[in-house]
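Residue-level structure breakdown
For reference, the chains in residue letters:
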Amino acid sequence: MRARRLYAYRVRGAGRSGVVLWAGGPGDEPDRVLVVGEGGRRRMPVFVTGRQARAFAARRGWSLAATEVGTLELVRVERWLADPVRRRVPAGAVLEAWNFFEDLARGLGEERRLPRQRAAHDGAYDKLCAGECDDWTPDERRAALELLAAGVRLWGSAP
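Residues numbered from 1 in each chain as written. Predicted model: local features only at pLDDT ≥ 70, side-chain atom pairs only at ≥ 80, totals over all residues. Heavy atoms only, no water.

As a further point, take the packing of aromatic side chains. According to the stated counting rule, one finds 7 aromatic pairs in the structure shown. With a centroid separation of 5.8 Å and an interplanar angle of 40°, the aromatic rings of Tyr9 and Phe100 are classed as tilted. In this pair, Tyr9 sits in strand E1 (residues 5-12) while Phe100 sits in helix H3 (residues 91-108), placing the two residues 91 residues apart along the sequence. A single burial state applies to Tyr9 and to Phe100, both of which are buried. Pairing Phe47 with Phe56 gives two aromatic rings, centres 5.1 Å apart and planes at 55°, and the pair type is tilted. Here the aromatic cluster, defined as three or more aromatic residues joined through ring pairs, consists of Tyr9, Phe100, Phe101 and Trp155. Taking NZ or CZ as reference, Arg16 lies 4.8 Å from the ring centre of Trp155, over its face. (Phe/Tyr/Trp six-rings, centres within 6.5 Å; stacked < 30°, edge-to-face > 60°. Helix = DSSP H or I, 4+ residues; strand = E, 2+ residues; numbered from the N terminus. Buried < 20%, exposed > 50% of the residue type's maximum accessible area, 1.4 Å probe, protein only. Lys NZ or Arg CZ within 6 Å of the ring centre and 35° of its normal.)

And the structure:
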């Protein structure tokens, strides 16, 4: 593994929860969720605790850049996806999930499982970063829903 900053990241979802290792990209390289190759297969190690994630990294001679474990409350995003008309967008959780899903897809080599980013995705993401989800156009809202639903499916099926 090239020199990357490793972080433990807890993902709390309705169907799947666990701690993954997130690797910050060196320089201009993109970030990704850590995936390891074992027995000719790629898999994403998922742990119950941050301590287990640290021990896994230590056995490979890696250290974590931070002692705390970050948390993504994916269940908030899943609740919103279940009823986006009546529920308010949990902007912080949606932004974290969006970034996580892109890093997850990149780590797994499964970018094709997320929708191809179009102008509507870019607009939705920009407004999300600015805290202006209420100003999403119908196309931007659909694009955000599409990407997040695909990301939830990817998380649920990742090896």
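Let us keep going from here.
Time to look at the sheet that holds strand E2 (residues 17-24). Strands pair in a sheet through their backbones, by hydrogen bonds, and they do so in one of two ways: parallel or antiparallel. Taken together, 4 strands build an open sheet; the order of strands is E3-E2-E1-E6 and the sheet is mixed. In this open sheet, the two edge strands, each paired with only one partner strand, are strand E3 (32-33) and strand E6 (70-72). Two strands pair when backbone bridges link them, and E2 and E3 are joined in this way by 2 bridges, in the antiparallel orientation. Following the sheet pairing, Ala23 is matched in E3 by Arg32. In this fold helix H1 (residues 50-59) packs onto E1 and E2, with an angle of close to 45° to the strand it touches most, E2. (Pairing = 2+ DSSP bridges. Contact = heavy atoms within 4.5 Å. Axes fitted to C-alpha atoms, helices over the stretch in contact; angles between N-to-C directions.)

Structurally, the position occupied by Arg113 is in the loop between H3 and helix H4 (119-129). As a C-alpha pair, Arg113 and Ala150 span 37 residues in sequence and 6.8 Å in three-dimensional space. When sequence neighbours within four positions are dropped, the list of residues in contact with Arg113 reads Ala150, Arg153, Leu154 and Ser157.

The subject of this paragraph is the pattern of salt bridges. Taken as a whole and judged by the stated rule, the model has 8 salt bridges. The residue Arg86 makes a salt bridge to Asp83 at a minimum N-O spacing of 3.1 Å. Its salt-bridge partner being Asp139, residue Arg142 comes within 2.3 Å of it at the nearest N-O pair. Of this pair, Arg142 and Asp139 both sit in helix H5 (residues 138-157), 3 residues apart, which is roughly one turn of that helix. (Salt bridge = Lys/Arg side-chain N within 4 Å of Asp/Glu carboxyl O.)

Next up on the list: the packing of H3 against H4. Where H3 contacts H4, the two axes come as close as 10 Å, and the packing angle between them is 130°. With respect to H4, the element H3 is oriented oblique. Judged by the sense of rotation from one axis to the other, the crossing of H3 with H4 is left-handed. Two secondary-structure elements touch here, H3 through Ala91, Val94, Leu95, Trp98 and Asn99 and H4 through His121, Ala124, Tyr125, Leu128 and Cys129. For the contact of H3 with H4, the class distribution of residues is 8 nonpolar, 2 polar and no charged. (Parallel < 35°, antiparallel > 145°, perpendicular 65-115°, else oblique. Left-handed = near helix turned anticlockwise from the far one by under 90°. Nonpolar A, V, L, I, M, F, W, Y, C, P; charged D, E, K, R; others polar.)

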